[in-house]
Amino acid sequence: MSDWPIGVFTSIDAGLGVKLEVAHELGVPTIQLHAPKRSTRTPDNAERFLERLEELGIELTAVFGGFDGESYADIPTVVRTVGLVPPETRAERLQEMREISDFARLLGCNVIALHLGFVPHDTTAPLYQEVIDVTRKLCDHAELNDQAVHLETGQETADALLQFIKDVERDNLFINFDPANMILYGTGEPIEALRQVGPYVRSVHCKDAKWSDRPGETWGQEVPLGEGDVNIEAFLSTLKEIGYRGPLTIEREIPQEPERQKAEIAHAVNLLTQLREKLLNG
Ligand code: MG
């Protein structure tokens, strides 16, 4: 793989990504995949999907887990419903993540990723220890499949995320850095956060957003790449500075408007291609 191959977040039957065909039409050489529904995660389907990737010359770089019952409606709802944090659904979701890890293995993919949910800020809270425990179990299962686990950023500040990763004490736990999420959730200035967590960043989302007027209380607004407050050129030059050379995976979460989604991703591909040329070869 060349340095900074462009990627796009895709979905088969679950999640907010684009279809594989869109990645192909846009000439994007890598994808992350939102894990398909349980009924679709069969060995036969894995084989078919692999054949399709081969035909299209696309490389799968990560499989993202997501769960029924998650809602990103507003920040309090995220706290209540997302990831492995909510106690009521934790055991069944851990089980599902293990199955997703096994499915990713069938796809020959050595990275699984997820939104863990809102890790409590108080590291002495019993819930904090519970989230550490469940993350260890997930990392240990992934290890059996020779996989790393990437935590999507957003819900935590850089400091809290670093502390959490250290406390989990597993060497296959890393970060999928999404600069827009830091803005959407109001958890910190993304470029500064990226420098801080740099050594753990093993995949990224290229996504842009504008700050809320009440950061951390209400959502910021996701916008097309280059039109928000991230500063994409600064984002990429900071990735260069921390030594990151992995995929630049575009994420644009407006599946309800597929034509607009595709057009904006095409625009993002152009922007990233130009910046890559400038920063890596300029
Ligand atoms: Mg993301």
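Residues numbered from 1 in each chain as written. Predicted model: local features only at pLDDT ≥ 70, side-chain atom pairs only at ≥ 80, totals over all residues. Heavy atoms only, no water.

Peer 1: Any chance you could explain the overall build of the chain here in plain terms?
Peer 2: A tally of helices and strands in the chain yields 10 helices and 10 strands. The C-alpha radius of gyration of the chain comes to 18 Å, within 12% of the 19 Å expected for a compact globule of 282 residues. Taken over the C-alpha atoms alone, the chain extends approximately 50 × 45 × 35 Å along its principal axes. The 282 residues of the chain split such that 55% are buried. A fraction of 73% describes how many contacts in the chain between residues 6 or more apart in sequence connect residues 24 or more apart. Approximately 12,400 Å² of the chain is accessible, and the part contributed by carbon and sulfur atoms is 48%. Computed over 27 positive and 47 negative side-chain charges, the inter-centroid distance for the chain is 0 Å. (Helix = DSSP H or I, 4+ residues; strand = E, 2+ residues; numbered from the N terminus. Rg over C-alpha atoms; globule rule 2.2 N^0.38 Å. Buried < 20%, exposed > 50% of the residue type's maximum accessible area, 1.4 Å probe, protein only. Contact = heavy atoms within 4.5 Å. Areas by Shrake-Rupley, 256 points an atom, 1.4 Å probe, with all protein chains shown as cover. Lys, Arg positive; Asp, Glu negative; His and termini not counted. Charge placed at Lys NZ, Arg CZ, Asp CG, Glu CD.)

Peer 1: Which parts of the structure should I look at to understand the coordination of the magnesium ion?
Peer 2: Any two of four tetrahedral donors ideally make an angle of 109.5 degrees at the metal, while pairs among six octahedral donors ideally make 90 or 180 degrees. At the metal site, the magnesium ion is ligated by Glu152 (OE), Asp178 (OD), His205 (ND1) and Glu251 (OE), and these contacts range over 2.0 to 2.2 Å. Written as a sequence motif, the donor arrangement for the magnesium ion is E-x25-D-x26-H-x45-E. Taken together, the residues span a long stretch of sequence, with glutamate 152 in strand β5 (residues 148–152) and aspartate 178 in the loop between β6 (173–177) and α7 (179–184) at a distance of 26 residues. Residue aspartate 178 is classed as buried on the basis of its relative accessible area of 0%. (Donors = N, O, S within 2.8 Å, 3.2 Å for Na, K, Ca; no water.)

Peer 1: So what exactly am I meant to see when it comes to the pattern of salt bridges here?
Peer 2: Oppositely charged side chains are able to pair whenever their charged atoms sit close together. By the definition in use, this model includes 21 salt bridges. Taking the shortest distance from any N to any O, the salt bridge between glutamate 99 and arginine 41 comes out at 3.6 Å. You can see glutamate 99 sitting in helix α4 (residues 87–106) and its partner arginine 41 sitting in the loop between β2 (30–34) and α2 (43–56), a full 58 residues away along the chain. Relative accessible area serves as the criterion here: at 24%, glutamate 99 is assigned to the partly exposed category. Judged by relative accessible area, arginine 41 falls into the buried class, the value being 12%. (Salt bridge = Lys/Arg side-chain N within 4 Å of Asp/Glu carboxyl O.)

Peer 1: What is the right way to read unusual backbone geometry from this model?
Peer 2: Negative phi values dominate among residues other than glycine, just as trans dominates among peptide bonds. Located in the positive-phi region is tryptophan 4, a residue other than glycine, with phi close to 50 degrees. As for its position among the elements, tryptophan 4 is in the segment before β1 (6–11). Look at tryptophan 4 and you get buried, because its relative accessible area is 0%. Even without a glycine there, the phi angle at asparagine 231 is positive, about 70 degrees. Here asparagine 231 lies in the loop between β9 (221–223) and α9 (232–241).

Peer 1: Help me understand the layout of surface pockets in this model?
Peer 2: To find leftover empty space, a probe the size of one water molecule is rolled over the atoms. When its volume is computed, the largest pocket comes out at roughly 950 Å³. As for the largest pocket, its lining consists of 38 residues, and the residues nearest its centre are Leu16, His34, Gly66, Glu70 and Tyr72. Among the elements of the structure, α4, α7 and β9 are those that each provide at least two residues to the lining of the largest pocket. Ranked by residue count, the leading element in the lining of the largest pocket is α4, at 5 residues. Across the lining of the largest pocket, the residue classes tally to 13 nonpolar, 12 polar and 13 charged. (1 Å grid on protein atoms, 1.4 Å probe; cavity = no way out; pocket = protein on both sides within 12 Å on 5 of 7 lines; lining within 4 Å. Points joined across faces, edges and corners; volume = space filled by probe spheres on them. Nonpolar A, V, L, I, M, F, W, Y, C, P; charged D, E, K, R; others polar.)

Peer 1: Help me out: how do you make sense of the environment of alanine 35 in this one?
Peer 2: Relative to the helices and strands, alanine 35 resides in the loop between β2 and α2. Of the residues examined, alanine 35 reaches a relative accessible area of 5% and is grouped as buried. For alanine 35 and phenylalanine 64, which are 29 residues apart along the polypeptide, the C-alpha to C-alpha distance reads 5.5 Å. Leaving out residues up to four positions away in the same chain, alanine 35 has contacts with Ala14, Val63, Phe64, Gly65 and Ile100.

Peer 1: Just checking my understanding: could you explain a negative patch on the surface for this structure?
Peer 2: There is a patch of like negative charges on the surface, built from Asp44, Glu47, Glu51 and Glu54. Within the secondary structure layout, glutamate 54 lies in helix α2. (Patch = residues over 30% accessible without salt bridge, like charges linked within 9 Å, V, L, I, M, F, W, Y side chains within 5 Å.)

Peer 1: Can you help me understand the pairing of β1 in this one?
Peer 2: Looking along a regular strand, one sees side chains alternate from face to face of the sheet. β1 sits mainly inside the fold: 6 of its 6 residues count as buried. Along β1, one buried face is formed by Ile6, Val8 and Thr10 and the opposite face, lined by Gly7, Phe9 and Ser11, is buried too. The pairing of β1 with strand β10 (residues 248–250) spans 3 bridges and is parallel. Looking across to β10, one finds that glycine 7 is bridged to threonine 249. You can see the chain leave β1, run along helix α1 (residues 20–25) and come back into β2, and the turn it takes is right-handed. (Pairing = 2+ DSSP bridges. Right-handed = clockwise from strand over helix to strand, strands pointing away.)

In short, shape yes, function no, at least from these values alone.
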